[in-house]
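# Observations on chain architecture
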Amino acid sequence: MTSREDWWYDEAAGPLVRPYAMVRGRTRPNAPDLHLVTQVRASAFASDQTSLTVEHREIMALCARPLSIAEVAAYLDVPLIVVKVLLSDLIERGDVLVQNSSPKVPDRNLLQAVLDGVRGI
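Below or above, wherever it landed, is the structure these notes cover. (Residues numbered from 1 in each chain as written. Predicted model: local features only at pLDDT ≥ 70, side-chain atom pairs only at ≥ 80, totals over all residues. Heavy atoms only, no water.)

Bringing the overall build of the protein chain into the picture now. Scanning the protein chain for helices and strands turns up 5 helices and 5 strands. The order of helices and strands in the protein chain, counted from the N terminus, is β-β-α-β-α-β-α-α-β-α. Relative to its full complement of 121 residues, the protein chain shows a buried share of 26%. The contacts in the protein chain between residues at least 6 apart in sequence include a share of 72% that link residues at least 24 apart. Accessible surface, the protein chain as shown: approximately 8500 Å² in total, 57% of it carbon and sulfur. (Helix = DSSP H or I, 4+ residues; strand = E, 2+ residues; numbered from the N terminus. Buried < 20%, exposed > 50% of the residue type's maximum accessible area, 1.4 Å probe, protein only. Contact = heavy atoms within 4.5 Å. Areas by Shrake-Rupley, 256 points an atom, 1.4 Å probe, with all protein chains shown as cover.)

Encoded structure:
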């Protein structure tokens, strides 16, 4: 039987923190152009990290090398929107740099040529 103080802990999962608690109830990132494939990396001139949350620090550690936003979400095992909100905080502070803000869409003619080539096989 668990005591009243143990309600936040699950034997299999460990401490339970709801995603909205990680982002203080925010549901939209301040940086609107964050896509799954957007590459982010920690700035070499990051500001003082003592005021950051644990999740922000984990992102900073992960982003020592360039990662996509999807990879950051997978490594942290949190929903994508949570990572986008946390990353937008770090981008505003100048702690994280965006390397590729929008995915490149291939030319329609190129895609058609590839499709025609595959059909010809």
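This part covers helix α4 (residues 80–93). For α4, which comprises 14 residues, the first-to-last C-alpha distance of 20 Å matches the rise-based estimate of 20 Å (1.5 Å per residue) to within 8%. By the burial criterion, the buried members of α4 are V82, V83, K84, V85, L86, L87, S88, D89 and L90. With its phi angle positive at about 85 degrees, G94 sits one or two positions after the end of α4. (Expected span 1.5 Å × (residues − 1).)

Now for the pattern of salt bridges. Scanning all chains against the criterion turns up 1 salt bridge. In this structure, R93 and D95 form a salt bridge, with 2.7 Å as the shortest nitrogen-oxygen distance. The class of R93 is partly exposed, set by a relative accessible area of 33%. (Salt bridge = Lys/Arg side-chain N within 4 Å of Asp/Glu carboxyl O.)

Turning our attention to a nonpolar patch on the surface. A cluster of nonpolar side chains, contributed by L110, V114 and V118, occupies part of the molecular surface with about 270 Å² of accessible area. Relative to the helices and strands, V118 is located in helix α5 (residues 108–119). (Patch = residues over 30% accessible without salt bridge, like charges linked within 9 Å, V, L, I, M, F, W, Y side chains within 5 Å.)

It is worth spelling out the side chain of K84 at this point. Looking at where K84 falls in the secondary structure, it is placed in helix α4. It turns out K84 is buried and unbridged, and the closest side chain with the opposite charge, D33, is 9.5 Å from it. Looking at K84, its side chain comes within polar contact range of the main-chain oxygen of L34, at 3.1 Å. Other than its neighbours up to four places away in sequence, K84 contacts P29, L34 and I69. (Lys, Arg positive; Asp, Glu negative; His and termini not counted. Polar contact = N/O pair within 3.5 Å; in protein donor to acceptor, adjacent residues only side chain to side chain.)

This part takes up the pairing of strand β3 (residues 39–42). Only one face of β3 is buried, namely the one carrying V40 and A42, since none of Q39 and R41 on the opposite face is buried. Examined bridge by bridge, β3 and strand β4 (residues 67–68) share 2 bridges and lie antiparallel to one another. Residue pairing in the sheet places Q39 in a bridge with S68 of β4. (Pairing = 2+ DSSP bridges.)

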